[in-house]
Amino acid sequence: MSFNAERRWVNHYAGPETPVITISEQFSKFEGGKIELVKDNESGLAVLKINHPERRNALSGSMMVDLWNAVNTLEDWKAGKGIILHSVGETFCSGGDLNTVRQISNPDDGYKMATLMHNTLTRLHQLPLISVALIQGKALGGGAELATSCDFRLFTEKGEIGFVQGRMGVVTGWGGGTRLVQLLGQHRALELLLTSRQISASEAVVMGLANGITKSVELPEAVEEAKQWLQAKLKHAPEVVHALKQIVATARAVPYEESLQNERQVFAMLWGGDANKKALEQNIKHK
Ligand SMILES: CCCC(=O)SCCNC(=O)CCNC(=O)[C@H](O)C(C)(C)COP(=O)(O)OP(=O)(O)OC[C@H]1O[C@@H](n2cnc3c(N)ncnc32)[C@H](O)[C@@H]1OP(=O)(O)O
């Protein structure tokens, strides 16, 4: 990456575009740890658990594929309303598994990993479900990027987040740079990316990167608290929750007029629908 004669950025990497399915086949060979998805149709909550404590919950290639598969499943989950993303042990996620990273340390494979993770985390971000990441320890590098792909972030007192990619001689590779600018604006995002500093739970709240701090410090109590925090926001009918999420997810991804057009269409689908008729019959007062 450099400036050309007209002082415009020129990207010197022009690698091949590989289908995500092909990348997933390649990356599933870099084994270690797993990501487990459990869906509960009764509560409408799903839990995505990052389980690789011996590597501080670093994402191996096969875990990236687990996550991609989990998002594929969640896209078809009609009864769902919300997702809790959490991990086991003391670290939320230490980023890319350096054992995997060392085996794919060239621009073509880097581009493939970014393609797989952009596909996965963009679709996770855009699911019609409301997602919460529970950060109970360090979220570093790719782990910090993963946290930005949820709608909300709850920290325990021990939670910390750090975009340490610069210290590793790289930049955000899982779409977290773009999402961080959306979340915090360009100045605060640039400051976090440039300094690689790790911020505490309380600073994350002040910045708007965290939506709250749990009373419980330890798992599994903090997970239960996060579930209750999310359930309290999921009282509307599933179709209303899905529609509200679609409006917000579209608004952060497309230009204003296009977003308004989407909002009109989403609104029309619910107007006179079952949930709307039921509410009208009940003659609800908002006192
Ligand atoms: C687009 C993605 C780009 C990125 O994600 S760049 C960021 C990559 N991540 C890192 O550089 C994190 C490096 N790790 C650390 O700073 C520390 O291990 C960390 C997370 C603060 C945890 O510290 P401690 O709790 O004291 O644990 P420790 O250092 O003794 O580590 C225990 C075992 O876990 C391993 N580990 C930690 N992070 C890893 C990673 N990302 N990939 C692969 N292995 C990882 C570590 O090598 C150690 O293994 P072992 O027990 O010595 O065999």
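Residues numbered from 1 in each chain as written. Predicted model: local features only at pLDDT ≥ 70, side-chain atom pairs only at ≥ 80, totals over all residues. Heavy atoms only, no water.

The name given to the protein in an unreviewed UniProt entry is Ethylmalonyl-CoA decarboxylase, with Daphnia pulex as the source organism. Recorded in UniProt under Function (unreviewed entry), the annotation for the protein is "Decarboxylates ethylmalonyl-CoA, a potentially toxic metabolite, to form butyryl-CoA, suggesting it might be involved in metabolite proofreading. Acts preferentially on (S)-ethylmalonyl-CoA but also has some activity on the (R)-isomer. Also has methylmalonyl-CoA decarboxylase activity at lower level." The UniProt entry for the protein carries the following text under Subcellular location (unreviewed entry): "Cytoplasm, Cytosol". (UniProt positions renumbered as here; feature names shortened; annotations may be inferred.)

Asker: I'm lost on the pattern of salt bridges in this one. Help?
Answerer: One side chain can pair with another of opposite charge once the charged atoms of both are near each other. Per the counting criterion, the structure on display carries 11 salt bridges. Two residues, Asp109 and Lys112, come together in a salt bridge whose shortest N-O distance is 3.7 Å. Placement of both Asp109 and Lys112 in helix H4 (residues 107-126) is noted, with a separation of three residues, approximately one turn of the helix. Like Lys112, Asp109 is buried. Its salt-bridge partner being Asp151, residue Arg252 comes within 3.2 Å of it at the nearest N-O pair. Placement of Arg252 in the loop between helix H10 (238-251) and helix H11 (256-270) and of Asp151 in the loop between helix H5 (142-148) and strand S8 (152-155) is noted, with a sequence separation of 101 residues between them. Overall, the relative accessible area of 27% leaves Arg252 in the partly exposed class. A relative accessible area of 16% places Asp151 in the buried class. (Salt bridge = Lys/Arg side-chain N within 4 Å of Asp/Glu carboxyl O. Helix = DSSP H or I, 4+ residues; strand = E, 2+ residues; numbered from the N terminus. Buried < 20%, exposed > 50% of the residue type's maximum accessible area, 1.4 Å probe, protein only.)

Asker: Explanation requested: the layout of surface pockets in the structure shown.
Answerer: Rolled over the atoms, a probe with the dimensions of a water molecule shows which regions are left empty. Each pocket or cavity is described by its volume, and for the largest pocket that value is around 1200 Å³. As for the largest pocket, its lining consists of 34 residues, of which Met113, Val170, Val171, Thr172 and Gly173 are closest to the centre. Those elements that place two or more of their residues in the lining of the largest pocket are helix H3 (98-103), H4, H5, helix H6 (176-184) and helix H7 (186-195). Take the lining of the largest pocket: its biggest share by element is five residues, from H4. Taken as a whole, the second largest pocket encloses approximately 330 Å³ of empty space. (1 Å grid on protein atoms, 1.4 Å probe; cavity = no way out; pocket = protein on both sides within 12 Å on 5 of 7 lines; lining within 4 Å. Points joined across faces, edges and corners; volume = space filled by probe spheres on them.)

Asker: What's the story with helix H1 (residues 20-27) in this structure? I'm lost.
Answerer: One turn of an α-helix holds 3.6 residues; hence residues three or four places apart share an orientation. Within the sequence span of H1, burial applies to Val20, Ile23, Ser24 and Phe27. Down the axis of H1, the smallest arc covering the buried residues is 100°, so these residues share one side. Lining the buried residues of H1 we find helix H2 (61-75) and H4. (Arc of directions from axis to C-beta. Contact = heavy atoms within 4.5 Å.)

Asker: I would appreciate a short explanation of the sheet that holds strand S10 (residues 198-200) in the present structure.
Answerer: Whether parallel or antiparallel, the strands of a sheet pair through hydrogen bonds between backbone atoms. Across the sheet, which stays open at both edges, the three strands sit in the order S7-S9-S10 with mixed pairing between neighbours. Edge positions in the sheet fall to strand S7 (138-140) and S10, since each has one partner strand and no second. Taken over all neighbouring pairs, the strand axes of this sheet differ in orientation by 20° on average, direction set aside. Across three bridges, S7 lies against strand S9 (residues 160-162) in parallel orientation. Within S9, the position partnered with Leu140 by the bridge is Gly162. (Pairing = 2+ DSSP bridges. Axes fitted to C-alpha atoms, helices over the stretch in contact; angles between N-to-C directions.)

Asker: Just checking my understanding: could you explain the site of the ligand for this structure?
Answerer: For the ligand, the set of nearby residues contains 17 residues, the closest of which are Arg56, Ser94, Gly96, Leu98 and Gly142. Contact between the ligand and Gly96: an oxygen atom at 2.9 Å from a main-chain N or O atom of the residue. Computed on the free molecule, the ligand has an accessible area of 970 Å², of which 61% lies beneath the protein chains in the complex. At the level of elements, S7 and H5 are the ones that each hand at least two residues to the shell around the ligand. Across the shell around the ligand, the residue classes tally to five nonpolar, six polar and six charged. (Near = heavy atom within 4 Å. Polar contact = N/O pair within 3.5 Å; in protein donor to acceptor, adjacent residues only side chain to side chain. Areas by Shrake-Rupley, 256 points an atom, 1.4 Å probe, with all protein chains shown as cover. Nonpolar A, V, L, I, M, F, W, Y, C, P; charged D, E, K, R; others polar.)

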